[in-house]
Amino acid sequence: MTSEIGPPKGVDMKDMLDSADLIKDRVDAINVTDLQSSVMRTGSLAVCRLLLDRGITPILQMTCRDRNRLALQSDLLSASVLGIENVLILTGDYPTMGDHPEAKPVFDLGSVQLLEVARGLQEGKDMKGNPLKGAPKFCLGAVVNPGADPLEAEIIKMEKKAAAGAQFFQTQAVYDIGLFKKFIDSSKHINVPVFAGIVLLKSAGMARYMNENVAGVYVPDSYIKEMEAAKDKGSKSVEIAARIIKELKGLCRGVHIMPIGWDKKVPLVLDAANL
């Protein structure tokens, strides 16, 4: 069981830390997003350290979007120095999606390359083969999209990430259990734990938007109709998320809940899913 929080746009950490405290004893770890959707915020590294200080196991998200290979390697070493062991490697959204669309994208390395670099650091050498004075130790994760089309290309990339050092995978949002089962059957030879992504639906409009604009995400019409008919959208969203989690049991090793601003509903989802 993992969930996630997003650092604030500013230095007031109270609401974010209160949300983390709500689930600290109910999940195994909490992801800290890295400038999610390319919006400028407080950095993941600092927030991960705050979570550690509160007895919470953090997962540092690190994107390739904003830093070159020097900064990426340096931040990985810094994370280790701060006691952060879990790192989720992502490519990152393009800057034009965010609040500073004129920002220059870096993408010096891709996610597979950065996984290889992180593995090399653990072996005591930087990307150029120079020796380190003390090597970090990480549990490295990566992301995968089980609804990708064609799925074969996504499986090939997943294989590369596993070969590069990924020890767990968190997925894009899952709503269609049939599609997810097809993905699991196609990727079982990779033998790396998969946590299915659970994104709380906020409205029928959000569901339609994801169907039209988010690659690899398909929200069935039945869920859209349920959200349309619901008088209490929040309660219906919790009910649907819990239902999906129950249906996923036995198919994968865990779930990763992404509340997208509805942090305080995560305990309700866990209750409804009997977790």
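Further up the page is the structure itself.
What counts, and where the lines are drawn
Residues numbered from 1 in each chain as written. Predicted model: local features only at pLDDT ≥ 70, side-chain atom pairs only at ≥ 80, totals over all residues. Heavy atoms only, no water. Helix = DSSP H or I, 4+ residues; strand = E, 2+ residues; numbered from the N terminus. Rg over C-alpha atoms; globule rule 2.2 N^0.38 Å. Buried < 20%, exposed > 50% of the residue type's maximum accessible area, 1.4 Å probe, protein only. Contact = heavy atoms within 4.5 Å. Lys, Arg positive; Asp, Glu negative; His and termini not counted. Charge placed at Lys NZ, Arg CZ, Asp CG, Glu CD. Core = buried A, V, L, I, M, F, W, Y, C linked by side-chain atoms within 4.5 Å. Polar contact = N/O pair within 3.5 Å; in protein donor to acceptor, adjacent residues only side chain to side chain. Salt bridge = Lys/Arg side-chain N within 4 Å of Asp/Glu carboxyl O. Pairing = 2+ DSSP bridges. Axes fitted to C-alpha atoms, helices over the stretch in contact; angles between N-to-C directions. Parallel < 35°, antiparallel > 145°, perpendicular 65-115°, else oblique. Left-handed = near helix turned anticlockwise from the far one by under 90°. Disulfide = S-S within 2.5 Å.

Enquirer: Describe the overall build of the chain, and please don't skip the residues or the numbers.
Expert: Along the backbone of the chain there are 10 helices and 8 strands. The C-alpha atoms of the chain give a radius of gyration of 18 Å, which matches the 19 Å a tight globule of 275 residues would have. If one aligns the C-alpha atoms of the chain with their principal axes, the spans along those axes are about 60 × 45 × 40 Å. When the 275 residues of the chain are sorted by exposure, 49% land in the buried category. Expressed as a percentage of contacts within the chain between residues at least 6 apart in sequence, the contacts between residues at least 24 apart total 76%. Of the charged side chains in the chain, 34 are positive and 34 negative; the average position of the first set lies 2 Å away from that of the second.

Enquirer: Explain the nonpolar core residue by residue, including any values.
Expert: Counting 80 residues, the largest nonpolar core has Leu51, Leu114, Tyr175, Phe180, Phe183, Val219 and Leu248 as the members making the most contacts within it. Tallying contributions element by element places helix H9 (residues 233-248) first for this core, with 7 residues. Those residues in contact with Phe180, other than ones at most four positions away along the chain, are Pro146, Thr171, Val174, Val194, Ala196, Leu248, Leu251 and Cys252. In terms of nonpolar packing, the next biggest core, distinct from the first, is built from 6 residues, Ala29, Leu88, Phe168 and Phe195 among them.

Enquirer: Go over the environment of Thr42 with me, naming the residues and quoting the values.
Expert: Note that Thr42 resides in the loop between strand E2 (29-32) and helix H2 (44-53). On the basis of relative accessibility, which here comes to 19%, the residue Thr42 falls in the buried class. Excluding residues within four positions of it along the chain, Thr42 makes contact with Pro7, Pro8, Gly10, Met13 and Val47. Within the structure, Thr42 has its side chain in polar contact with the backbone oxygen of Gly10 (distance 2.5 Å).

Enquirer: Just give me the short version of the environment of Gly261, but keep the residues and values in it.
Expert: Tracing the backbone shows Gly261 in the loop between strand E8 (254-258) and helix H10 (266-272). For the pair Gly261 and Leu201, spaced 60 residues apart in sequence, the C-alpha to C-alpha distance is 11 Å.

Enquirer: Which residues make up the pattern of salt bridges, and what values do they have?
Expert: Pairing between side chains of opposite charge can happen when their charged atoms approach one another. Per the stated rule, a full pass over the model turns up 15 salt bridges. Across the pair Asp21 and Arg54 runs a salt bridge, and its minimum N-O distance is 2.5 Å. Separated by 33 residues along the polypeptide, Asp21 in helix H1 (residues 14-23) and Arg54 in the loop between H2 and strand E3 (58-63) bring together distant segments of the chain. Across the salt bridge formed by Arg208 and Glu228, the nearest N and O atoms sit 2.1 Å from each other. Residue Arg208 is found in helix H7 (residues 204-213), and its partner Glu228 is found in helix H8 (residues 221-229); the two are separated by 20 residues along the sequence.

Enquirer: Break down the sheet that holds strand E7 (residues 194-199) for me, with residues and values.
Expert: Taken in spatial order, the 8 strands of this closed barrel run E1-E2-E3-E4-E5-E6-E7-E8, and their pairing is parallel. Strand-to-strand twist across the sheet, computed as the mean angle between neighbouring axes with direction ignored, equals 30°. With 5 bridges connecting them, E7 and E8 associate as parallel partners. Its bridge partner being in E8, Gly197 is matched across the sheet by His256. Running at roughly 175° to E3, H2 makes contact with strand E1 (2-5), E2 and E3 of the sheet.

Enquirer: Help me get a handle on the side chain of Arg67, residues and values and all.
Expert: Of note, Arg67 is situated in the loop between E3 and helix H3 (69-81). A polar contact of 2.5 Å, which involves the side chain of Arg67, links it to the side chain of Asp34. Among the polar contacts listed, one links the side chain of Arg67 to the side chain of Asp75, at a separation of 3.0 Å. Beyond its immediate sequence surroundings of up to four residues, Arg67 is in contact with Asp34, Met62, Leu72, Asp75, Val106 and Asp108.

Enquirer: Give me the lowdown on the packing of helix H4 (residues 111-122) against helix H5 (residues 151-164), citing residues and values where you can.
Expert: Axes are the key here: two packed helices are described by the angle between their axes and the distance separating the axes. Between H4 and H5, the least distance of the axes is 8 Å, while the angle of their chain directions is 15°. On the basis of their axis angle, the class for H4 and H5 is roughly parallel. Of the two possible hands of crossing, H4 and H5 adopt the one that is right-handed. Contacts between H4 and H5 involve Ser111, Val112, Leu115, Glu116 and Arg119 on the former and, on the latter, Lys157, Lys160, Lys161, Ala163 and Ala164.

Enquirer: Tell me about the state of the cysteines, residues and numbers included.
Expert: Counted by the stated rule, this structure contains 0 disulfides. Cysteine Cys48 is unpaired, with the sulfur of Cys139 as its nearest cysteine sulfur at 13 Å. The structure places no disulfide on Cys64, whose sulfur is separated from the nearest cysteine sulfur, that of Cys48, by 16 Å.

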